[in-house]
Amino acid sequence: LIVDGHGNVTERRLADQNPGDLLRPSVEVVSSSSSDGVRTVVLTRPFRGATPDHYTFDPQEVRINFINAVGSQPELSYHRAKGPSSLLLLPVEDGTKVAGACLCEGAPAPFGQAVGSLVYKPTGQPEDTG
């Protein structure tokens, strides 16, 4: 996915050291905004890629590795900054069968020194029924 400096979204099958091939659009832009030099774009699309060249999400994988890059001009161009990163896809509680996930602040307590309680929340998975 490429979001240019104007907020336009395109999809490409990237190649080594070149922009690769432009793909047929498969994402829907839910919202796009820019504030204090930071653009935020919210997208949606199905898990399965529209073609074999589109990325297909694996629902069992929660981490997606990607290359984050910022171009040297508003249009697609050589990047002035780049780096590897990852995106975590975690469940969100939906009030029915999905319990959600918790990311807690702070370092975990040393083994045996934690306090509190564990609460079982059924998820509707076969493992819940034994």
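On a predicted model such as this, the values are computed, not experimentally measured, just so you know.

> I'd love a proper account of the overall build of the chain, names of residues and values included.
Summing up its helical and strand segments, the chain has 0 helices and 8 strands in all. Scanning the chain from its N terminus toward the C terminus, one meets helices and strands in the order β-β-β-β-β-β-β-β. Across the 130 residues that make up the chain, the buried fraction comes to 8%.

> Talk me through the side chain of D4; I want residue IDs and the actual numbers.
Structurally, D4 can be placed in the loop between β1 (2-3) and β2 (9-10). No salt bridge is formed by the buried D4, whose closest oppositely charged neighbour, R39, lies at an N-O distance of 6.2 Å. In contact with D4, other than residues within four places in its own chain, are R39 and P74.

> Talk me through unusual backbone geometry; I want residue IDs and the actual numbers.
In the Ramachandran plot, D36 falls in the positive-phi region, its phi being about 50° despite a non-glycine side chain. Taking relative accessible area as the criterion, D36 reaches 78% and is therefore assigned exposed.

> Let's hear about the pairing of strand β3 (residues 12-15): which residues, and what values?
Strand direction decides the pairing type here: β3 and strand β4 (residues 18-22), joined by 3 bridges, are antiparallel. Bridging from a neighbouring strand, A15 pairs with N18 of β4. Here β3 folds back onto β4 in antiparallel fashion, the turn holding 2 residues, of which Q17 has a positive phi close to 65°.

> I'd like to hear about the environment of I64, residue by residue, with values.
Within the secondary structure layout, I64 lies in strand β7 (residues 63-71). Residue class for I64 comes out buried when judged on its relative accessible area of 13%. Considered as a pair, I64 and S85 are 21 residues apart in the sequence and their alpha carbons are 8.5 Å apart. I64 has contacts with Y55, F57, S85, S86, L87 and L89, leaving out every residue within four places of it along the chain.

> Outline the environment of V62, listing residues and values.
Relative to the helices and strands, V62 resides in the loop between β6 (38-44) and β7. Expressed as a C-alpha distance, the spacing of V62 and L89, which sit 27 residues apart in the sequence, is 4.8 Å. In contact with V62, other than residues within four places in its own chain, are L87, L88 and L89.

> With reference to specific residues and values, describe the packing of aromatic side chains.
Taken as a whole, this structure holds 2 aromatic pairs when the rule is applied. Seen from their ring centres, Y55 and F57 are 5.1 Å apart, and the 80° between their planes marks the pair as edge-to-face. Among the residues examined, Y55 registers a relative accessible area of 46% and is labelled partly exposed. By way of ring pairs, the aromatic residues F47, Y55 and F57 are connected into one cluster.

Cut-offs and rules
Residues numbered from 1 in each chain as written. Predicted model: local features only at pLDDT ≥ 70, side-chain atom pairs only at ≥ 80, totals over all residues. Heavy atoms only, no water. Helix = DSSP H or I, 4+ residues; strand = E, 2+ residues; numbered from the N terminus. Buried < 20%, exposed > 50% of the residue type's maximum accessible area, 1.4 Å probe, protein only. Lys, Arg positive; Asp, Glu negative; His and termini not counted. Salt bridge = Lys/Arg side-chain N within 4 Å of Asp/Glu carboxyl O. Contact = heavy atoms within 4.5 Å. Pairing = 2+ DSSP bridges. Phe/Tyr/Trp six-rings, centres within 6.5 Å; stacked < 30°, edge-to-face > 60°.

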